[in-house]
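# Tertiary structure, described
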Amino acid sequence: MDRGTKAAVLVTGGAGFIGAHTAKALYDRGYLPVVYDSLSSGFREAVRWGPLVHGDIRDARTLSDAMAEHDVKAVIHFAGLIEVGRSTVKPDLFWEHNVAGTVSLLGAMRERGVGRLVFSSSAAVYGQGGRGALETIPENAPKAPASPYGDTKLACEWMIEAQCRAYGLTGVALRYFNAAGADASGQIGEAHEPETHLIPLAIAAALGDGKPLTVFGADFDTPDGTCLRDYIHVSDLADAHVAALEADLPAGAYEAANVGTGQGASVLEVVEAVGRAVGRPVPHSIGPRRAGDPPSLVANPGRARELLGWGATRSSLDQIVADALRWESQPSYGAGVRGKRKASVPVR
Ligand code: UFG
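Criteria and thresholds
Residues numbered from 1 in each chain as written. Predicted model: local features only at pLDDT ≥ 70, side-chain atom pairs only at ≥ 80, totals over all residues. Heavy atoms only, no water. Helix = DSSP H or I, 4+ residues; strand = E, 2+ residues; numbered from the N terminus. Rg over C-alpha atoms; globule rule 2.2 N^0.38 Å. Buried < 20%, exposed > 50% of the residue type's maximum accessible area, 1.4 Å probe, protein only. Areas by Shrake-Rupley, 256 points an atom, 1.4 Å probe, with all protein chains shown as cover. Near = heavy atom within 4 Å. Polar contact = N/O pair within 3.5 Å; in protein donor to acceptor, adjacent residues only side chain to side chain. Nonpolar A, V, L, I, M, F, W, Y, C, P; charged D, E, K, R; others polar. Salt bridge = Lys/Arg side-chain N within 4 Å of Asp/Glu carboxyl O. 1 Å grid on protein atoms, 1.4 Å probe; cavity = no way out; pocket = protein on both sides within 12 Å on 5 of 7 lines; lining within 4 Å. Points joined across faces, edges and corners; volume = space filled by probe spheres on them. pLDDT = per-residue confidence, 0-100. Contact = heavy atoms within 4.5 Å. Pairing = 2+ DSSP bridges. Axes fitted to C-alpha atoms, helices over the stretch in contact; angles between N-to-C directions.

### Brief notes about the overall build of the protein
Looking only at helices and strands, the protein features eleven helices and 14 strands. For 348 residues, the compact-globule estimate of 2.2 N^0.38 gives 20 Å, and the protein sits close to it at 19 Å. Over its C-alpha atoms, taken along the principal directions, the protein stretches across nearly 55 × 40 × 40 Å. Looking at the protein residue by residue over its 348 residues, the buried ones come to 57%. Per element, the accessible surface of the protein, about 14,100 Å² overall, is 51% carbon and sulfur.

### Notes on the site of the ligand
Within the structure, the ligand sits among 20 residues, and L198, T214, F216, R290 and D293 are positioned closest to it. Within the backbone of T214, a nitrogen or oxygen atom sits 2.7 Å from a nitrogen atom of the ligand. In the model, an oxygen atom of the ligand is placed 2.7 Å from a nitrogen or oxygen of the R290 side chain. Bound to the protein, the ligand loses 89% of the 690 Å² it would expose on its own. With four residues, the single largest contributor to the shell around the ligand is strand 8 (residues 213-216). When grouped by side-chain class, the residues that make up the shell around the ligand number twelve nonpolar, five polar and three charged.

### Looking at the pattern of salt bridges
Oppositely charged side chains are able to pair whenever their charged atoms sit close together. One pass over the structure, following the stated rule, counts 22 salt bridges. For R112, the salt bridge goes to D65, with nearest N and O atoms at 3.8 Å. Linking R112 in helix 4 (residues 91-112) with D65 in helix 2 (residues 60-69), this pair joins segments that are 47 residues apart in sequence. Taking the relative accessible area as the measure of exposure, R112 reaches 36% and is therefore partly exposed. Between E157 and R175 there is a salt bridge, and its shortest N-O distance comes to 2.7 Å. Taken together, the residues span a long stretch of sequence, with E157 in helix 5 (residues 148-167) and R175 in strand 6 (residues 170-176) at a distance of 18 residues. Grouping residues by exposure puts E157 and R175 together as buried. Residues participating in the shared-partner salt-bridge network are R29, D236, D239 and R314.

### Let's talk about the layout of surface pockets
A volume near 170 Å³ is recorded for the second largest pocket. If you go around the second largest pocket, you meet 14 residues; those closest to its centre are K24, D183, S235, D239 and R314. If you list the elements that add at least two residues to the lining of the second largest pocket, you get helix 1 (17-28), helix 7 (234-246) and helix 10 (317-329). When residues of the lining of the second largest pocket are assigned to their parent elements, the largest contribution, four residues, is made by helix 1. Across the lining of the second largest pocket, the residue classes break down as three nonpolar, four polar and seven charged.

### Overview of the confidence of the model for the protein
Per-chain confidence: the protein averages 93 in pLDDT, with 94% of residues scoring 70 or above. Considering each helix and strand of the protein separately, the mean pLDDT is smallest for helix 11 (residues 335-338), with a value of 58, and largest for strand 1 (residues 8-12), with 99. Contacts from residues 340-348, a stretch scored under 50 in pLDDT, to residues over four places away or in other chains number 24 contacts.

### Here's the deal with the sheet that holds strand 14 (residues 296-297)
Through backbone hydrogen bonds, the strands of a sheet pair up, either in parallel or in antiparallel fashion. Taken in spatial order, the three strands of this open sheet run 12-9-14, and their pairing is mixed. Looking at the sheet topology across the chains shown, the edges are occupied by strand 12 (265-266) and strand 14. Sheet analysis places strand 9 (residues 228-229) next to strand 14, joined by two bridges and oriented parallel. Of the residues in strand 14, the one forming a bridge with R229 is L297.

### Details of the environment of P51
Turning to its location among the elements, P51 is positioned in the loop between strand 2 (32-37) and strand 3 (52-54). Along the primary structure P51 and P33 are separated by 18 residues, whereas in three dimensions their C-alpha atoms are 7.3 Å apart. Beyond its immediate sequence surroundings of up to four residues, P51 is in contact with L32, P33, V34, V35 and H70.

### Quick word on the sheet that holds strand 4 (residues 72-77)
In spatial order, the strands read 3-2-1-4-5-6-11; together these seven strands make up an open sheet with parallel pairing. Each edge of the sheet is formed by a strand with only one pairing partner; in this case those strands are strand 3 and strand 11 (254-259). The sheet shows a mean angle of 20° between the axes of neighbouring strands, direction not considered. Pairing analysis gives seven bridges linking strand 5 (residues 116-122) to strand 6, with the strands arranged parallel. Across the sheet, residue V118 finds its bridge partner in strand 6, namely V172.

The following block contains the structure:
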């Protein structure tokens, strides 16, 4: 798609964490983000850069009507369930929302002649990492999801690829590593219920309004014994979606690209970075491993550079933590889900 055409882009799940940041990035580049969200886990207040269509991702009729009403030219698809642990106890729900939801979306796109899709995939498609424990992961690493959540992401990728080939759709799947941070404006940020992610939990613990952090295992085969992850600033991630929308790809093409930095940070390094940013240590203890956590998940981001001309620019751990802290200190929505902030820290 050409930049600056003010074309409408349907952003499913655009009231969620990564979706809202992507809607802002689209708006900043001259597109109109039309958010399609059920608001079951997203926030109305996060929809600030275009209209909201309230609808369920499994509802092909409402999706199709929204595409027609707003003259949608492309779709960025985030809507779906994301909690890895819950997917192991409710796999049917994950297949219904994530896979059947994507079937509905693809059908509506075909009906309306919408020819480009950017899909929110995940490093979860690689399962335990697929290679030597500490190597970075390229896109052609073995796919072996370790959870029903990862299964649904991989199933969607296969389905999208097949429909690209069959119907001339152009598709890009972005496999995210660990999305974190918040928009520098402080207008939008991370708000999950329940919150399970390391950085918000570590910040809450340091601010004194969350439980002390439990580090899930310190006996992995990694330099300090704790898990390595590739933390990517959500605003860098949002930019990758715009780049995928604009990538010069022919009809019928399907591509998958990792979105990460290529640098791993351990849980203890994150704990230290949060302590530095807050100005007091993160109360924490070492607990048992969490089921299914691979020792290391670090992207080889070469393909994203080659295909999309994209690379991370805001994803140092200190930058991610500073932006997350600014948001967590004064969230403009979602505070209720995490309890009232007892302390607010000056942002440095
Ligand atoms: N961790 C802790 N204590 C906590 C929370 C997390 O030690 O209280 C550790 C985890 O064990 C892991 C690291 O911090 O080593 C990061 O954990 P997160 O829960 O923040 O993120 P994950 O790596 O588990 O999950 C990410 C995405 C998911 C995606 C998954 C796929 O957030 O959406 O990668 O691999 F599905």
